[in-house]
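Overview (structure and organization)
As a plain string of letters, each chain reads:
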Amino acid sequence: MSYQVQPPSEGARGGRRRLRVVAAVALLTASMLAIASVALGAQATVGLGTADTFAVLAGSTVTNTGPSVISGDVGLDPGSAVTGFPPGIVNAGTFHVTDAVALQAQNNLTTAYNDAAGRSSTATISSDLAGRTLTSGVYTSAGSLGLSGNLTLDAQGNPSAVFIFQAGTTLTTGSGALVTLIGGAQACNVFWQVGSSATIGTGSQFVGVIMALDSISLTTGATLNGSALARNGAVTLDTNTITRATCAAATGGTGGTTTTGGGTPTTRGSTGASGATGAAGAKSHHRKHKKPKAKPSKSKPKPTKSKPKPKPKPKRVPPKPTPSTNKPPAFTG
């Protein structure tokens, strides 16, 4: 008894092809959704507009005591009282007191403040951030926010990582508090949105842009790698160092880099994924080959001594033969 194997029908083959197409489409869709979720998880920076050039900006007064050093613009609007300069010093910046620049900066600050306050929360945090290591995100406290020790912000190798802190009322740091940046994190991407007033404690090393609805006070010896921007109230200083934070162009992974509140700022450029370049471009790997310069010969030419020409020897002139005189033979007879 014999059996004949029949080839699969056209319908069966078409069904298998359809299954393979469906599986490929499902895999592609899943990949796209995964990429989209990562992209949506990335937090955009807070645009400061013209307020970005200010290290200090206040609404009512700017008051300084002691030899504070401010790197960046100092502005005030609508108030008119700026005192304590000198002994305070402003480097690489300009005073803008109740002028069009200060007014525009305050308007841009209001927009930035509302942007930060309106971000969706990543996590709710306790009133004291000491001992915590946080990655990029939006961290919210309905009431006050404090720092009694060390806070570490980890960008995990992404220099564009953004950290936003939303404090419902006050922000207060204790004496000697410290904010440390690791994994390529940059102070220009750290924002503190404060619902009332901020106080940075004695000797603290703080990082980021402080945007307070009311006032900001830096007590004796506190340093700020960032900006103190107060919408309505005063900014009060006492022997402080404030350095406006600027973003460096991303040129590759920087995981291992550590920066504290007293870190040196870098040049602001457009930030992006690892490997992108901003205003400060990467150096070219192609170098122009210079022709080697011919080395001067060290050997000095030897002076040529001219030998004296030998004097020609006098030619010997053979003596002329003496003509013989024919004498007659002697007579013998």
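Presented here is a report on the structure given in the accompanying data block. (Residues numbered from 1 in each chain as written. Predicted model: local features only at pLDDT ≥ 70, side-chain atom pairs only at ≥ 80, totals over all residues. Heavy atoms only, no water.)

1. Side note on the sheet that holds strand β2 (residues 61-65)
One key point about sheets: their strands pair by backbone hydrogen bonds, in either a parallel or an antiparallel sense. With respect to topology, 7 strands assemble into an open sheet ordered β5-β2-β21-β19-β17-β14-β11, the strand pairing being parallel. Single-partner strands in this sheet number two, and they are β5 (81-83) and β11 (145-147). Each strand axis lies, on average, 10° off the axis of its neighbour in the sheet, ignoring direction. The pairing of β11 with strand β14 (residues 171-173) spans 3 bridges and is classified as parallel. Looking across to β14, one finds that L145 is bridged to L171. (Pairing = 2+ DSSP bridges. Helix = DSSP H or I, 4+ residues; strand = E, 2+ residues; numbered from the N terminus. Axes fitted to C-alpha atoms, helices over the stretch in contact; angles between N-to-C directions.)

2. Considerations on helix α2 (residues 100-117)
Spanning 18 residues, α2 covers 26 Å between terminal C-alpha atoms, matching the ideal 26 Å at 1.5 Å per step. Listed in full, the buried residues belonging to α2 are A102, A105, Q106, N108, L109, A112, Y113 and A116. Measuring from the backbone nitrogen of V101 back to the side-chain oxygen at the start of α2 gives 3.3 Å, which picks out D99 as the cap. (Expected span 1.5 Å × (residues − 1). Buried < 20%, exposed > 50% of the residue type's maximum accessible area, 1.4 Å probe, protein only. Polar contact = N/O pair within 3.5 Å; in protein donor to acceptor, adjacent residues only side chain to side chain.)

3. Concerning the packing of aromatic side chains
Tallied over the entire structure, the rule returns 4 aromatic pairs. Ring centres 5.4 Å apart and planes at 70° place the aromatic pair F85 and F95 in the edge-to-face group. With F85 in the loop between β5 and β6 (89-91) and F95 in strand β7 (residues 95-97), this residue pair connects regions lying 10 residues apart in the sequence. You can call F95 partly exposed: its relative accessible area is 38%. With a centroid separation of 4.2 Å and 10° between ring planes, the pair formed by F165 and W192 is classed as stacked. Separated by 27 residues along the polypeptide, F165 in strand β13 (residues 163-167) and W192 in strand β16 (residues 190-194) bring together distant segments of the chain. Residue class for F165 comes out buried when judged on its relative accessible area of 0%. Judged by its relative accessible area of 1%, W192 is buried. One aromatic cluster is present, formed by Y139, F165, W192 and F206 through successive ring pairs. The lysine or arginine in question, R231, covers the ring of Y113, its NZ or CZ lying 4.9 Å from the ring centre. (Phe/Tyr/Trp six-rings, centres within 6.5 Å; stacked < 30°, edge-to-face > 60°. Lys NZ or Arg CZ within 6 Å of the ring centre and 35° of its normal.)

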